[in-house]
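The chain contents come next:
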Amino acid sequence: MCVADSEAEARIDQALIARVLLSDDRRAFEQLLRRHQGMVRAQLGRLLHGDHAAADDLAQEVFLLAWRKLGQFRGNARFSTWLYRIAYSCFLQAYRKKSWPSADAEDGELERLQAAPHAVDLQMDIERAMQRLSPAEQTVLLHCVQLGLSHEETAYVLVMPLGTVKTHATRGKAKLKTWLAPWNEAAGEERTS
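On a predicted model such as this, the values are computed, not experimentally measured, just so you know.

Q: So what exactly am I meant to see when it comes to the pattern of salt bridges here?
A: If charged atoms from side chains of opposite charge come close, those side chains can pair. Under the defined criterion, the tally for this structure stands at eight salt bridges. Two residues, Arg 26 and Asp 24, come together in a salt bridge whose shortest N-O distance is 3.8 Å. Residue Asp 24 is classed as partly exposed on the basis of its relative accessible area, which comes to 44%. Arg 34 serves as the salt-bridge partner of Glu 30, at 3.7 Å between the closest nitrogen and oxygen. Of this pair, Glu 30 and Arg 34 both sit in helix α2 (residues 26–47), four residues apart, which is roughly one turn of that helix. The class of Glu 30 is partly exposed, set by a relative accessible area of 43%. When its relative accessible area of 52% is taken as the criterion, Arg 34 is described as exposed. By sharing partners, the salt bridges in this structure join Glu 9, Asp 13 and Arg 35 into a single network.

This is how it looks when you write it as structure tokens:
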């Protein structure tokens, strides 16, 4: 998304937030929810390692909390970044309580069987490599790479110093590059054949 689009999206969010706060406009909040529910569910789904049912449950908690705390939103960050922070906090609370059910193994097996064997092998290696990272590196890379947040936004969401975010991102990427090097080599061989 280009800067102009990002600024336009932020202005739309600000207008909707103002409508909610000034006139308790529930339709405006529904629009905010529709605009951002996909990215919140995606973040939670990744944090929960693909447990989409648990992600949906937590997403409901996130939006209930956002509704209650909307008056505390100061506009220092984008609204989506503020929501990511709430979602991450909800995830941490659920993780500490272990309040979500484990993912259904049969669903995962079906998806694997339907995918191409090469893609499944690569995906499994990526998942294994991600699991080898420290929890902090995993979380930072989830937000920076998979969710596309800047280092500054990730620092805000994770309540972590910017330098620490950059360090975890750099170290995590370097480790993944090393561990997944055979895939790069294999891809290079396929291109030259």
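Q: Would you take a moment to explain the side chain of Glu 153 for this structure?
A: Relative to the assigned elements, Glu 153 resides in helix α8 (residues 151–158). Polar side-chain contacts of Glu 153 include one of 2.4 Å to the side chain of Arg 78. Reaching out from Glu 153, the side chain makes a polar contact with the side chain of Thr 81 at a distance of 3.5 Å. Not counting residues within four places of it along the chain, the set of residues in contact with Glu 153 comprises Arg 78 and Thr 81.

Basis of the calculations
- Residues numbered from 1 in each chain as written.
- Predicted model: local features only at pLDDT ≥ 70, side-chain atom pairs only at ≥ 80, totals over all residues.
- Heavy atoms only, no water.
- Salt bridge = Lys/Arg side-chain N within 4 Å of Asp/Glu carboxyl O.
- Buried < 20%, exposed > 50% of the residue type's maximum accessible area, 1.4 Å probe, protein only.
- Helix = DSSP H or I, 4+ residues; strand = E, 2+ residues; numbered from the N terminus.
- Polar contact = N/O pair within 3.5 Å; in protein donor to acceptor, adjacent residues only side chain to side chain.
- Contact = heavy atoms within 4.5 Å.

All we've got here are geometric facts, nothing functional implied.
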